[in-house]
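# Secondary and tertiary structure notes
Read off the chains here:
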Amino acid sequence: MLLIFAGFISLGTWQVIRLQWKLDLIERVDQRVHTTPVPAPGFPAWSHITASTDEYRHVQASGVFLHEKTVLVLASTELGGGFWVITPLALADQTVILVNRGFIPEKMAASYRASSEKDRAPSDTSTIQVTGLLRMTEPGGGFLRKNDAAGNRWYSRDVNAIATATGLARSAPFFIDADANPANNQAHAQQNEASASSPVAGLTVIHFHNNHLIYALVWFSLAAMTAAAWAYVMRDRKNVSAANTGNTA
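In this text, all values refer to a predicted model and were calculated from it rather than measured experimentally.

### Points about the environment of Ala92
With respect to the secondary-structure elements, Ala92 resides in the loop between strand 4 (80-90) and strand 5 (96-105). In this structure, the C-alpha to C-alpha distance between Ala92 and Gly63, residues 29 residues apart in sequence, is 6.5 Å.

The following block contains the structure:
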């Protein structure tokens, strides 16, 4: 009983520690999201990028969109089902960062591929600045569906796989979720898709499951129940012993 009690206390304490860690993480991420954009990590820093220290940093990068290498990745958003529009951004130092330019509805995918061929010409060398949130790669694919590079069917934003499939060299190990374009997002919100000239950006969902307090209360409750059961057993044994002593006398 003592070992069981100690085990429950240990598990409850571990959940309290995890709770504090999760609250600190949420606070750090909130600070990253709302800070002034900083330059996206350059090539020398790529090997040191981690989710715990870098994901959701507000960053910016300037370069030329390689529209001819755009891919569509299946997406489910608050606007419904559709696709993320992922376009490589070529930087001046010959490196590339994939940019999630935003969301388009599923019914626009075919027309987007057809109507944007002219816009995706490699001769377009306009330099633009992108701001958004640094996101880590999503390898493999979606739930029960693997990315199919050969068939150009993508279910997750797998940076390495997309870069390989589109022939990109020196591609960053992260991508950027572009900030919202208020005018374009308003057009989609009003379902005026003809006025929405580009994908709806700024739909990043930042949510961390935080059930550690509940788990801690469960473990501590079980510890309390164990202690109560131990006390009951000990009292019952004491009463039985006293009764036996009285009968003997």
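And the narrative resumes.
### A word on the pattern of salt bridges
For the coordinates displayed, the defined rule picks out 6 salt bridges. For Arg135, the salt bridge identified is with Glu55, shortest N-O distance 3.3 Å. With a gap of 80 residues between them, Arg135 in strand 6 (residues 127-136) and Glu55 in the loop between helix 2 (51-54) and strand 2 (58-65) connect regions that are remote in the sequence. Just as Arg135 is buried, Glu55 falls in that class too. With a closest N to O distance of 2.9 Å, Arg157 and Glu138 form a salt bridge. Of this pair, Arg157 sits in the loop between strand 8 (145-146) and helix 4 (159-165) while Glu138 is found in the loop between strand 6 and strand 7 (141-142), placing the two residues 19 residues apart along the sequence. With a relative accessible area of 10%, Arg157 lands in the buried category. What emerges from the salt-bridge pattern is a single network uniting Glu55, Arg135, Glu138, Arg157 and Asp177.

### A look at a nonpolar patch on the surface
On the surface, Met1, Ile4, Trp230 and Met234 cluster together into a nonpolar patch covering about 410 Å² of accessible area. Along the chain, Trp230 turns up in helix 6 (residues 212-248). Assessed through its relative accessible area of 47%, Trp230 is described here as partly exposed.

So, how was this worked out
Residues numbered from 1 in each chain as written. Predicted model: local features only at pLDDT ≥ 70, side-chain atom pairs only at ≥ 80, totals over all residues. Heavy atoms only, no water. Helix = DSSP H or I, 4+ residues; strand = E, 2+ residues; numbered from the N terminus. Salt bridge = Lys/Arg side-chain N within 4 Å of Asp/Glu carboxyl O. Buried < 20%, exposed > 50% of the residue type's maximum accessible area, 1.4 Å probe, protein only. Patch = residues over 30% accessible without salt bridge, like charges linked within 9 Å, V, L, I, M, F, W, Y side chains within 5 Å. Areas by Shrake-Rupley, 256 points an atom, 1.4 Å probe, with all protein chains shown as cover.

By themselves, these figures tell us nothing about what the structure is for.
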